[in-house]
Amino acid sequence: MTALTVNDRPVEFAMDPETPLLWALRDAANLTGTKYGCGVGDCGACMVIVDGEALRSCLITLAEAEGRFVTTIEGLSRDRSHPVQQALVAEQAIQCGFCTPGIAMAAAALIARNPDPSDSEIKAAIPNLCRCGVYPRLVRAVQRAGRVARRLERISAAPAPGISAEDAAREVPAMAAPDPAEGD
Ligand code: FES
Ligand code: FES
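Model, not experiment: these values are computed from the prediction.

A. Just the pairing of strand 4 (residues 53-56), in detail. Where strand 3 (residues 47-50) lies against strand 4, four bridges are found, and the strand directions are antiparallel. Its bridge partner being in strand 4, Val48 is matched across the sheet by Leu55. Counting the residues in the hairpin turn of strand 3 and strand 4 gives two residues, including Asp51, whose phi is positive at 50°.

B. The arrangement of the environment of Glu66 in detail. Looking at the secondary structure, you find Glu66 in the loop between helix 2 (62-65) and strand 5 (69-71). Residues Glu66 and Ala3 lie 63 residues apart in sequence; the distance between their C-alpha atoms is 5.5 Å.

C. View of the packing of helix 4 (residues 83-90) against helix 7 (residues 135-149). The N-to-C vectors of helix 4 and helix 7 enclose an angle of 135°; their axes lie 8 Å apart at closest approach. It follows from the interaxial angle that helix 4 and helix 7 lie oblique. Of the two possible hands of crossing, helix 4 and helix 7 adopt the one that is right-handed. Together, Pro83, Val84, Gln86, Ala87, Leu88 and Ala90 of helix 4 and Ala141, Arg144, Ala145, Val148 and Ala149 of helix 7 make up the contact between the two elements. In terms of residue class, the contact of helix 4 with helix 7 is built from nine nonpolar, one polar and one charged.

D. Up close: the environment of Leu62. In this fold, Leu62 is placed in helix 2. Taking the C-beta count within 10 Å as the criterion, Leu62 has 22 such neighbours and is therefore assigned buried. Distance in space between the C-alpha atoms of Leu62 and Ala3 is 8.8 Å, their sequence separation being 59 residues. Contact partners of Leu62, with chain neighbours within four places excluded, come to Thr2, Phe13, Met15, Pro17, Thr19, Leu21 and Ala24.

E. Layout of the packing of helix 5 (residues 100-113) against helix 7. At a minimum axis distance of 10 Å, the contact between helix 5 and helix 7 shows a crossing angle of 45°. The pairing of helix 5 with helix 7 is recorded here as oblique in orientation. Considering the relative orientation of helix 5 and helix 7, their crossing is right-handed. Where helix 5 abuts helix 7, its residues Ile103, Ala107, Leu110 and Ile111 lie against Leu138, Val142, Ala145, Gly146 and Ala149. Residues that form the contact of helix 5 with helix 7 fall into these classes: eight nonpolar, one polar and no charged.

F. View of unusual backbone geometry. Despite not being glycine, Asn30 shows a phi value in the positive range, around 65°. Among the structural elements, Asn30 can be located in the loop between helix 1 (21-28) and strand 3. Positive phi is not limited to glycine here, since Asp51 has a value of about 50°. Relative to the elements of secondary structure, Asp51 occurs in the loop between strand 3 and strand 4.

G. How the structure looks around the confidence of the model for the protein chain. Per-chain confidence: the protein chain averages 89 in pLDDT, with 85% of residues scoring 70 or above. Segment residues 173-178 is flagged for pLDDT under 50; beyond a separation of four residues in sequence, or across chains, it makes 11 contacts in the model.

H. Helix 4, seen in detail. Of all eight residues in helix 4, six are buried; the element is thus mostly enclosed. Buried within helix 4 are the following residues: Pro83, Val84, Gln85, Gln86, Ala87 and Leu88. Where helix 4 is buried, its residues touch helix 3 (73-76), helix 5 and helix 7. Of the residues one or two after helix 4, Gln92 is the one with positive phi, at around 50°.

About the thresholds
Residues numbered from 1 in each chain as written. Chains lettered and ligands numbered in written order. Predicted model: local features only at pLDDT ≥ 70, side-chain atom pairs only at ≥ 80, totals over all residues. Pairing = 2+ DSSP bridges. Helix = DSSP H or I, 4+ residues; strand = E, 2+ residues; numbered from the N terminus. Axes fitted to C-alpha atoms, helices over the stretch in contact; angles between N-to-C directions. Parallel < 35°, antiparallel > 145°, perpendicular 65-115°, else oblique. Left-handed = near helix turned anticlockwise from the far one by under 90°. Contact = placed C-beta atoms within 7 Å. Nonpolar A, V, L, I, M, F, W, Y, C, P; charged D, E, K, R; others polar. Buried ≥ 20, exposed ≤ 12 C-beta atoms within 10 Å, placed from the backbone. pLDDT = per-residue confidence, 0-100.

Below is the structure:
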């Protein structure tokens, strides 16, 4: 068993400790918001926050994550209210969305340590690849997120996803929709 904390919950993984954290999160914990892009550390689609630092989860083994605090896109906020999420939507810095979770995690880690980053600091801290090319909007979004984090600006809540848990589960077969009869 490998014990770590995922999205503020203690979790034990009964998997080979050499399993990449990416696959433990996606396949065992069903946290499919973390994306698999390249598997070799190039794209950043798999970024999660580990003890405050944005890391590529395809390059970390479960053993290396043992005892650490891992946050995935599902744990960034329960209702898309994190300043980075609000600003990405407000600046329309999302196209197909595949790269977005990794970018959001890298941006959230940056804003937490530097809420007023320059263009070059953003580019250095968020090396993620985006095949849709949202880069100019991304810089604007991260700077706007920083202003929100510093309470210099407010952005209204991002729109609701517009899809029910049941519909989402049909699209992602590994994910079971909660049974309303069982409650929380
Ligand atoms: S999947 Fe991890 S960097 Fe591309
Ligand atoms: S929004 Fe499509 S890859 Fe970035």
